Amino acid sequence: MRDELLVKEPLLKARLLVDGVRIAESGYEGVGQQFKEQVHHLFEYDFDLHQTRACPAEMRLPGGTVVQVRLNERSPFLIQREGETLRLEEGTHEIATVEWLERPAFYDLKTSVGTPMTSIAELVGEDCIAVSHTNACMLFADGSQCGFCNLNYTPKQYDEVRIKKKAAEVGEVFGAAFNSGVANHFEITGGILPGNREINILEEYLRSIRDATGLTDLPGTAIMTPPADLRDLEKLQRLGIRGLGFNLECFNPAFFRAVCPGKERQIGYETYREALRTAVDIFGAGGRIYSGFVAGVEPMEDLLEGVKELAEEGVASIPLVWSPSSGTRFHRHRPPSAEWYVELAERASALMIRHLRRDVGVPRPVPTRCTGCQTQCLLQDVIQSRIQSLQTLTSIS
Ligand code: SF4
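Residues numbered from 1 in each chain as written. Predicted model: local features only at pLDDT ≥ 70, side-chain atom pairs only at ≥ 80, totals over all residues.

Undergrad: I would appreciate a short explanation of the overall build of the protein in the present structure.
TA: Check the secondary structure of the protein and you find eleven helices and 13 strands. Here the C-alpha atoms of the protein give a radius of gyration of 20 Å, agreeing with the 21 Å that 2.2 N^0.38 yields for 397 residues. If you line up the protein on its principal axes, its C-alpha atoms span 60 × 55 × 40 Å. Classification of the 397 residues of the protein by burial places 50% in the buried group. (Helix = DSSP H or I, 4+ residues; strand = E, 2+ residues; numbered from the N terminus. Rg over C-alpha atoms; globule rule 2.2 N^0.38 Å. Buried ≥ 20, exposed ≤ 12 C-beta atoms within 10 Å, placed from the backbone.)

Now the structure itself:
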């Protein structure tokens, strides 16, 4: 039964991400105590702000699919609790029972200087600890930020996260998360900073994480801005991080220029492409290096052309389901349909499996990610669903 559900869940996940959910009063029971609450380590993804109450971070569908919760008071979906059961309803129909994710123990801890660990990092999905080194991007200063981004806006709505995090404290939190067994991988990101500051911060973070966890092969990635000297990426590779991301956001250069005017002016589309190629030279191919995309802003065919072209260069693509959330220039725009996102994920994963250069063994789109932590992307879900369909067919025949 669970396996059959897994085959159908990518479409439901896409619908929940595109339309968001409403949560009845009963649905909030235990959130922030037994169940993991949102921490806003990076962006606000909800359609509606919720400063006065903790909102669940993710839900798990019956087949095991993990979905980011996006609050939307206009959503056709409602989640409410009946006893021990959380019911997901659409109109008068119950669609599924769902679960909130368990709250990890380190969410109650403080660092040695008294900072709540949730002010430093967030456990995304089941097992990825994520930190934003700086919750501010210099592109907001002249209004040239990316159209879908609310990085500088979010901390003004929720004061739970420190804008800058010291490397020693990041190490302590990562140590607590890895050493207690709740984290299996990590992601570091942050806004664009002047000069070479980011690469220096990343080096400090990686040293601190190595010290705190005892790991030398670091199971995570950093999503970063290309440094002035791309060979500086070798410093990060020597510190043991497994992969890097440089987000093009839109593959078509005309869309990139229109949607990300500050990135175009400060860095440039071609420099992002060059950074991806240089990183593959340093780290190897097969998905260690990737670009994130805010899927749904540009036509599907443009994005798929990019997925194929990048895969041939050894670069994976992560198309995220776009949330036109509060504080973005695109607030209240409509993303494409759920069906559009499922088709995109199926075609993108097929392209990557066929074309991704295999310098590091079996290709898997972004080996440092998994179904449990890609809460707003359908790639791993459609791959799992396809594997499950094939296994079911094999067992029938
Ligand atoms: S580069 Fe764009 S997406 Fe990244 S933080 Fe700045 S404005 Fe946001």
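Undergrad: Sorry, what's going on with the sheet that holds strand S12 (residues 289-295) here?
TA: Through backbone hydrogen bonds, the strands of a sheet pair up, either in parallel or in antiparallel fashion. The strand order across the open sheet built from seven strands is S7-S8-S9-S10-S11-S12-S13, with neighbouring strands paired in mixed fashion. Of all the strands in the sheet, just strand S7 (122-124) and strand S13 (315-321) have a single pairing partner and so form its edges. Ignoring which end each strand starts from, the neighbouring axes of this sheet average 30 degrees apart. Relative to strand S11 (residues 241-245), strand S10 (residues 218-223) runs parallel, the two sharing four bridges. Within S11, the position partnered with Thr 221 by the bridge is Gly 243. Its contacts with the sheet place helix H4 (residues 197-213) against strand S9 (185-189), S10 and S11, and it is angled at close to 160 degrees to S10. (Pairing = 2+ DSSP bridges. Axes fitted to C-alpha atoms, helices over the stretch in contact; angles between N-to-C directions. Contact = placed C-beta atoms within 7 Å.)

Undergrad: What's the story with the pairing of strand S8 (residues 128-132) in this structure? I'm lost.
TA: Along S8, five of the five residues are buried, which leaves the element largely enclosed by surrounding structure. Side chains of S8 alternate between two faces, with Cys 128, Ala 130 and Ser 132 and Ile 129 and Val 131 buried alike. Examined bridge by bridge, S7 and S8 share three bridges and lie antiparallel to one another. Directly across from Leu 123, in S8, lies its bridge partner Ile 129. A loop of three residues connects S7 with S8, the two strands running antiparallel in sequence, and Gly 125 in this loop sits at a positive phi of about 60 degrees. Pairing of S8 with S9, which is carried by five bridges, proceeds in the parallel orientation.

Undergrad: What exactly am I supposed to notice about the environment of Gln 145 here?
TA: Assignment of secondary structure puts Gln 145 in the loop between S8 and helix H2 (154-157). Along the sequence, Gln 145 and Arg 386 sit 241 residues apart, while their C-alpha atoms lie 37 Å from each other.

Undergrad: Would you explain the site of the ligand in this entry?
TA: Taken together, the neighbourhood of the ligand is formed by Cys 137, Leu 139, Gln 145, Cys 146, Cys 149, Leu 151, Gly 191, Ile 192, Cys 260 and Lys 263. Counted by class, the shell around the ligand contains seven nonpolar, two polar and one charged residues. (Near = placed C-beta within 6 Å. Nonpolar A, V, L, I, M, F, W, Y, C, P; charged D, E, K, R; others polar.)

Undergrad: Just to check I follow, could you spell out the packing of helix H3 (residues 167-179) against H4 for this structure?
TA: Between two packed helices, both the angle of their axes relative to each other and the distance between the axes serve to describe the pair. Following both chains from N to C, one finds H3 and H4 inclined at 40 degrees, their axes separated by 8 Å at the closest point. Relative to H4, the element H3 lies oblique. The two elements H3 and H4 meet at a crossing, and its hand is right-handed. Each of Ala 167, Ala 168, Val 170, Gly 171, Glu 172, Phe 174, Gly 175, Phe 178 and Asn 179 in H3 lies in contact with H4, whose residues at this interface are Glu 204, Tyr 205, Ser 208, Ile 209, Asp 211, Ala 212 and Thr 213. Across the contact of H3 with H4, the residue classes break down as eight nonpolar, five polar and three charged. (Parallel < 35°, antiparallel > 145°, perpendicular 65-115°, else oblique. Left-handed = near helix turned anticlockwise from the far one by under 90°.)

Undergrad: Is there a simple way to think about the pairing of S13 in this case?
TA: In summary, the side chains of a regular strand alternate between the two faces of the sheet. Most of S13 sits inside the fold, with seven of its seven residues counted as buried. In S13, alternate side chains face the same way, and those of Val 315, Ser 317, Pro 319 and Val 321 on one face and Ala 316, Ile 318 and Leu 320 on the other are all buried. Note: S12 against S13, seven bridges, orientation parallel. Bridge pairing in S13 places Ser 291 opposite Ser 317. For the crossover from S12 across helix H9 (residues 300-312) to S13, the handedness is right-handed. (Right-handed = clockwise from strand over helix to strand, strands pointing away.)

Undergrad: What am I meant to see in the domain arrangement of the protein here?
TA: A common way to state how big an interface is: give the accessible area lost once the parts meet. The domains assigned to the protein are domain 1 (2-100), domain 2 (104-236) and domain 3 (246-366). Averaged C-alpha coordinates put domain 2 and domain 3 at centres separated by 21 Å. Facing 18 residues of domain 2, the contacting portion of domain 3 comprises 28 residues. When the residues that make up the side of domain 2 that touches domain 3 are grouped by side-chain class, the tally is eleven nonpolar, six polar and one charged. (Domains from an automatic or database assignment.)

Undergrad: Is there a simple way to think about H4 in this case?
TA: Three or four residues apart is the spacing at which side chains of an α-helix point the same way, because the helix has 3.6 residues per turn. With 17 residues, H4 should cover 24 Å at 1.5 Å per step; its first-to-last C-alpha distance of 24 Å lies within 8% of that length. Those residues of H4 lying buried are Glu 198, Ile 199, Ile 201, Leu 202, Tyr 205, Leu 206, Ser 208, Ile 209 and Ala 212. (Expected span 1.5 Å × (residues − 1).)

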